[in-house]
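# Architecture at a glance
The lines below spell out each chain.
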Amino acid sequence: MQYCDVVVDISHEKLDKTFQYKIPSAMQDDLLEGMQVEAPFGRGNRVITGYVVALSDKPKFDPAKTKEIIRIVHDATSIDNQLIQLAGWMKRNVGGTMNQALKTVIPVKEKSKAIVKKTVVLNISQDELKDEYASLVGRARHSISKERLMQALMDNDEIPWEVITKKLNVGSGVIRDFEKNGIVRVRTENTYRNPINHLQGDEKKLTLNDEQLRICNRFKDEYSARDYGTYLVYGVTGSGKTLCYLEMIEHVLSLGRSAIVLIPEIALTYQTLMRFYRRFGDKVSIINSRMSKAERFDQFERAKKGDIKIIVGPRSALFTPFPDLGLIVIDEEHETSYKSENVPKYHAVPTAIERARIAGASVVLGSATPSVDSYRKALDGEYRLMELPNRASSDSMADCEVVDMRTELRSGNTSIISRRLHELIEDRLSRHEQVMLFLNRRGMLGCLSCRSCGTTLKCPHCDVSLSLHRDGKMHCHYCGYTIIKPSVCGKCGSKAIGGFNIGTEKVEELVAEEFPSANVVRMDMDTTKGKSGHEAILEKFANREADILVGTQMIVKGHDFSNVTLVGALAADMSLNVPDYRSGERTFQLLTQAVGRAGRGSLAGTAVIQTYDTEHYSIIASKNQNYQEFYDKEIVYRDLMDYPPCSHMLLMSIQSEDLRQADGQAKVVAEMIKKHFPDVRLLGPQDAGIAKIKDVYRKSIYVKNRDYQVLVDIKDIIDEYLIDNNSYNKAYVFFDFDPVNTL
Ligand code: ADP
Ligand code: ZN
Ligand code: ZN
């Protein structure tokens, strides 16, 4: 590349303003997007520093007049520099433009006006106030406003400023007058500045148990020796991973550095937050999606200035500009919400590792059900594995039973609740213990399974479920294999073949019918709309105002209810039918998390897994609560079928409002890959899982290769074609590496 675009002013609004420079031949092999450079600027050629955001072979202006870069600045110390390097890495490895990457890592500058809340507080005793009042009204010509304010203060020691000026119609001059005489004082608070300044409490510091102590000591020893790296804390549900995170963070803080803690949005509850706040007080802040852009920006500013040392938040908190970042913790690292579905489609885990590498920091990933990807890296020694095999606060894990719903059906029970689960619910209700019923909704749409034998239809080439499309045929999302929808089960000949389609609302209704004395609440997308919808439901359940909580996967994540002694997983195998190679992993994770909800307190717990497929290893391993057993089977399948982590996959989604454009572009892209990379496995092009969204047609192409870099090379070649000689300029190509959402 001979030319590069340089951005001089790093702020969100000015990223589009770039200047082109020539790259001296000596630098051509070294210069990458994201690097800081020195260049001559303006008429006087004063030397400025800027960042390279694009490389190209084409001059935009007269080459004779284009100036040259002076030198590459190798300086990773400033936080801007670190984040821009990260954006460069993201652009190269994840796809999208440098501009999109920069806009992801650099916060929108949006200063909110400080919403100053003023309160007028009585500064003398009520008795003294009475004296003041008497002397005031004793005067013949006294101010009625003053009289009104004094009367109000006799009822309330504290009155918001607005109430006085607007409701009592007392002018601010009067308040200031009172303030001068010492009758009142005015308290001011910046309401947005610190989103958690209303929290308080002291941490009753738990003592680490031996297992926790072992992993914390290892972390601290290595950290103190500046031996930074990525750790995987594989700890069963309830093993006390959070306590370990707190301990590790404290160590990092004691060395003057800061920490980012990522938690899935759904688990960002008051409970979780309090644990951080109790330990670290004002040094902690949070970010969540309910905050305005300005509020979020404020938290980033506080981090930059050093006002806070720890931020807790979802994926985007990863870009908190701590100048001295020392640790990134990613709790529930297997969660799919850590993958961005917007361009650039980055995943928080590798991005965190890259950010930590640039900053000289460590990463701690934690999960009771590590992603197959992370666990494999841990076994390979790329991550440092640390285990917490036992629960911290109770003696044992829940007992787990599997109920075969095919047998239930044959013996005439058509209820969604098996006889065994019914019996256990009755028992818990009579003992005033609580029950959670988890309806596995994933995979319910569009797939067919046999209610008699449990068989689902799969693609013979890809070994993932086929799904029913509008054309009435069954399709494979990966390779496009298609068959006519069968009317009987190919294995057992039964006609009881179809989709399982029942919502949580229906379950709530049926449960309420079967257990009329029970108080049932429901939690799903519908009931949790609004600002704190799910908090309210959880609080109700935590306060034991309800006996049974019915819900989707939302209810199995991270909540700690000590009185829950029974968890029922309804239609447990449904998520096995998701047309995605990760369906076995998701099912194992969901069921393990669900089982882990039972018996968290001093009472022993039981879990019941209801399924049509009792033989699948994901079901058996979650019954046994045995991650290793699951992993050993799963990795064989991934290896055999060339799925990540054994191989890598790149999804190219070709989208256009014009079907011919989408079709044509997809064919060109596929041909190009075949020509340049004859050895990679190419699937498609075919209709995407959802072939049309909002009038945009979607085609997809998958390529698989064991070498990630080959996929990056494919992306680069296609990117180049799209810029230089795009034959279908109304069809866009989006790249998604190791995609999570394949619909
Ligand atoms: P995980 O995140 O691993 O599922 P948590 O961190 O939520 O587990 O801890 C589960 C429960 O065990 C919490 O109620 C926590 O207070 C308690 N706990 C954790 N560590 C200890 C300990 N060392 N001593 C006593 N209780 C502990
Ligand atoms: Zn069958
Ligand atoms: Zn297929």
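About the cut-offs
- Residues numbered from 1 in each chain as written.
- Chains lettered and ligands numbered in written order.
- Predicted model: local features only at pLDDT ≥ 70, side-chain atom pairs only at ≥ 80, totals over all residues.
- Heavy atoms only, no water.
- Donors = N, O, S within 2.8 Å, 3.2 Å for Na, K, Ca; no water.
- Tetrahedral: all angles 85-135°; square planar, octahedral: opposite > 155°, others 65-115°.
- Helix = DSSP H or I, 4+ residues; strand = E, 2+ residues; numbered from the N terminus.
- Buried < 20%, exposed > 50% of the residue type's maximum accessible area, 1.4 Å probe, protein only.
- Near = heavy atom within 4 Å.
- Polar contact = N/O pair within 3.5 Å; in protein donor to acceptor, adjacent residues only side chain to side chain.
- Pairing = 2+ DSSP bridges.
- Axes fitted to C-alpha atoms, helices over the stretch in contact; angles between N-to-C directions.
- Contact = heavy atoms within 4.5 Å.

Ligation of the zinc ion (ligand 2) by protein atoms is provided by Cys-450 (SG), Cys-453 (SG), Cys-489 (SG) and Cys-492 (SG), these donors lying 2.2 to 2.4 Å from the ion. Coordination at the zinc ion (ligand 2) comes from four donor atoms whose angles at the metal span 105 to 114°, giving a geometry best classed as tetrahedral. The sequence pattern describing where the donors of the zinc ion (ligand 2) fall on their chain is C-x2-C-x35-C-x2-C. With Cys-450 in strand β18 (residues 449-450) and Cys-489 in the loop between β21 (482-484) and β22 (497-498), this pair connects stretches of sequence that are 39 residues apart. Residues Cys-450 and Cys-489 agree in their burial class; the two are buried.

Surrounding the zinc ion (ligand 3) are the protein donor atoms Cys-459 (SG), Cys-462 (SG), Cys-476 (SG) and Cys-479 (SG), at 2.3 Å. Because the angles between the four donor atoms bound to the zinc ion (ligand 3) fall within 107 to 114°, the donor set is best described as tetrahedral. All donor residues of the zinc ion (ligand 3) come from one chain, and their arrangement in sequence is C-x2-C-x13-C-x2-C. Of this pair, Cys-462 sits in the loop between β18 and β19 (467-468) while Cys-476 sits in the loop between β20 (473-475) and β21; the two residues are 14 residues apart in sequence, bridging distant segments of the chain.

If you check the shell around ligand 1, you find 18 residues, and the closest are Thr-207, Gln-212, Gly-238, Gly-240 and Lys-241. A distance of 2.8 Å separates a nitrogen atom of ligand 1 from a polar backbone atom of Thr-207. Taking Arg-275, its side chain carries an N or O atom lying 3.3 Å from an oxygen atom of ligand 1. Ranked by residue count, the leading element in the shell around ligand 1 is helix α8 (residues 241-254), at three residues.

On the basis of which strands lie adjacent, the open sheet formed by seven strands has the order β11-β12-β10-β13-β14-β9-β15 and parallel pairing. The outermost strands of the open sheet, each flanked by one partner alone, are β11 (284-286) and β15 (384-388). When the angles between neighbouring strand axes are averaged without regard to direction, this sheet yields 20°. The pairing of β11 with strand β12 (residues 310-313) spans three bridges and is parallel. Within the sheet, the bridge partner assigned to Val-284 lies in β12 and is Ile-310. Strand contacts of helix α11 (residues 348-359): β9 (230-235), β10 (258-262), β13 (325-331) and β14 (362-367), with the helix running at about 165° to β13, the strand carrying the most contacts. On the sheet, helix α12 (residues 372-379) packs against β9, β14 and β15 and is oriented at approximately 115° with respect to β9.

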